[in-house]
Amino acid sequence: MNSDWQIELRALRYFICVAEEKSFTRAAGRLRIAQPALSRQIKKLEEDLRVQLFIRNSRGAELTEAGEILLRRAYLIFNQVQQTHHDVTIHSRHLGGVVSVGMPPTPGEFIAPRLLERSKERYPDIELRFVEGFSGELERKLANNEIGVAVMHDPAPRDDIRISKLLVEHLCLVGRSGTLEKPEYSLAEAGSYPLVMPSRPNFLRILIDGHAEQLDIPLNIVTRSDGIGHTKSLVKYGHGFTILTYGAVISEVQQGVLQAVPICNPEILWTLCVAMRTDQRRKRTLAVIEELIQEVVQELVAEGIWK
């Protein structure tokens, strides 16, 4: 590759379009340019990089390994460009612009609607963009400036990220409604149930494993599920039990399809936090969104929705 090669965003945008459409013809239509012009741009990109990005065949265009690498990097580049635009637009004194807010799936289910409603009422010129992800992924996005504010569970202390506590949740044994008879369970009792659990290095799994190993308690894990939606569905249909926070199953408990009983001896706590980069803390637009998140969570707790 030419060491003086400069990234052309237009060429990358064309490349992403072809990769997503898997067809030069469909990509040209989507971009509203002539197909020969699109082909020339991709060919020049391949020549500049000295790699083949697509395998052309009768079905269309498939990415090579080099093309797959470039596609991942191109998405990151455009995320950074978009976040740069966001940072510039929210840096002024006027409370407006776009704020990217990252949240885990279940907390986001309850926080996001109220947050959006409150933001529209008080700060109509702020546009919220919600990004769903688990805590580890959100921490990485926050550190990379891909999102401005994040709601996360138990983030590790970092000099570049400021963390504010929202609430402390207790872990619960979760089963299909009617399958748990006691008002609370010890970790040893919970661990003896057939468990549906995520694989390591899931943060929750590491937390539970740490307590179990410290007390020499075996965990009867019968199924591994790395998606919370799948996990709750498997439990709901009687394929086992799981260990989650109450906040992770609020909807299902309210619907009467799951029940969540606190685990004691030991009591396992998981802290929900809101975080932003320390170098962004003076941005008023980010600060007011962080304050609204804290307000919404306090309301959910006060109303008894979030125990």
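Residues numbered from 1 in each chain as written. Predicted model: local features only at pLDDT ≥ 70, side-chain atom pairs only at ≥ 80, totals over all residues. Heavy atoms only, no water.

### Examining the packing of helix α1 (residues 9-21) against helix α3 (residues 35-49)
Threshold: In this analysis an axis means a line fitted to C-alpha atoms, helices contributing only their contacting stretch, and an angle means the value between N-to-C directions, from 0 to 180 degrees. Secondary structure follows DSSP: runs of H or I at least 4 residues long count as helices, runs of E at least 2 residues long count as strands, and numbering of each begins at the N terminus. Relative orientations are named as follows: roughly parallel for angles under 35 degrees, roughly antiparallel for angles over 145 degrees, roughly perpendicular for angles from 65 to 115 degrees, and oblique for any other angle. Any two residues having at least one pair of non-hydrogen atoms within 4.5 Å are treated as being in contact. For this scheme, ten residues count as nonpolar: Ala, Val, Leu, Ile, Met, Phe, Trp, Tyr, Cys and Pro. Four count as charged, namely Asp, Glu, Lys and Arg, and the remainder, Gly too, count as polar.
Look at α1 against α3: their axes get within 10 Å of each other, and the N-to-C directions meet at 110°. Here α3 runs roughly perpendicular to α1, going by the angle between their axes. Packed against α1, whose contacting residues are Arg 10, Ala 11, Tyr 14, Phe 15 and Val 18, the element α3 presents Leu 38, Gln 41, Ile 42 and Leu 45 at the interface. Of the residues belonging to the contact of α1 with α3, the class tally is 7 nonpolar, 1 polar and 1 charged.

### Observations regarding the pattern of salt bridges
Note the cut-off: Put simply, a salt bridge is a Lys or Arg side-chain nitrogen that is within 4 Å of an Asp or Glu carboxyl oxygen. Burial status follows relative accessibility: with a 1.4 Å probe on protein chains alone, a residue under 20% of its type maximum counts as buried, one over 50% as exposed, and anything between as partly exposed.
Overall, the coordinates contain 20 salt bridges when judged by the stated rule. With a shortest N-O distance of 3.8 Å, Glu 21 and Arg 26 are connected by a salt bridge. In this structure Glu 21 comes out as partly exposed when scored by relative accessible area, which is 22%. Residue Arg 26 is classed as partly exposed on the basis of its relative accessible area of 46%.

### Here we look at the nonpolar core
Within soluble globular proteins, side chains that are nonpolar generally end up buried alongside one another. Note the following rule: In this description, a nonpolar core means a group of buried Ala, Val, Leu, Ile, Met, Phe, Trp, Tyr and Cys residues linked to one another through side-chain atoms lying within 4.5 Å.
Ranked by internal contacts, the top residues of the largest apolar core, which has 59 residues, are Ile 111, Leu 173, Ile 243, Ile 289 and Ile 293. Counting residues per element, this core draws most heavily on helix α11 (residues 284-302), at 8 residues. Discounting chain neighbours no more than four positions away, the residues touching Leu 173 are Leu 180, Tyr 185, Ala 190, Tyr 193, Leu 195, Phe 241, Thr 242, Ile 243, Gln 259, Ala 260, Val 261 and Ile 263. One finds Cys 17, Ala 28, Leu 38 and Leu 71 within the second-largest nonpolar core, a separate group that totals 21 residues.

### So, helix α6 (residues 135-143)
Taken as a whole, α6 has its buried residues at Ser 135, Leu 138, Glu 139, Lys 141, Leu 142 and Ala 143. If you follow the buried residues of α6, they end up packed against β3 (97-103), β4 (126-132), β5 (149-153), β6 (161-176), α8 (203-214) and β12 (269-277). Taken from the residues just after α6, Asn 145 is the one with a positive phi, measuring 65°.

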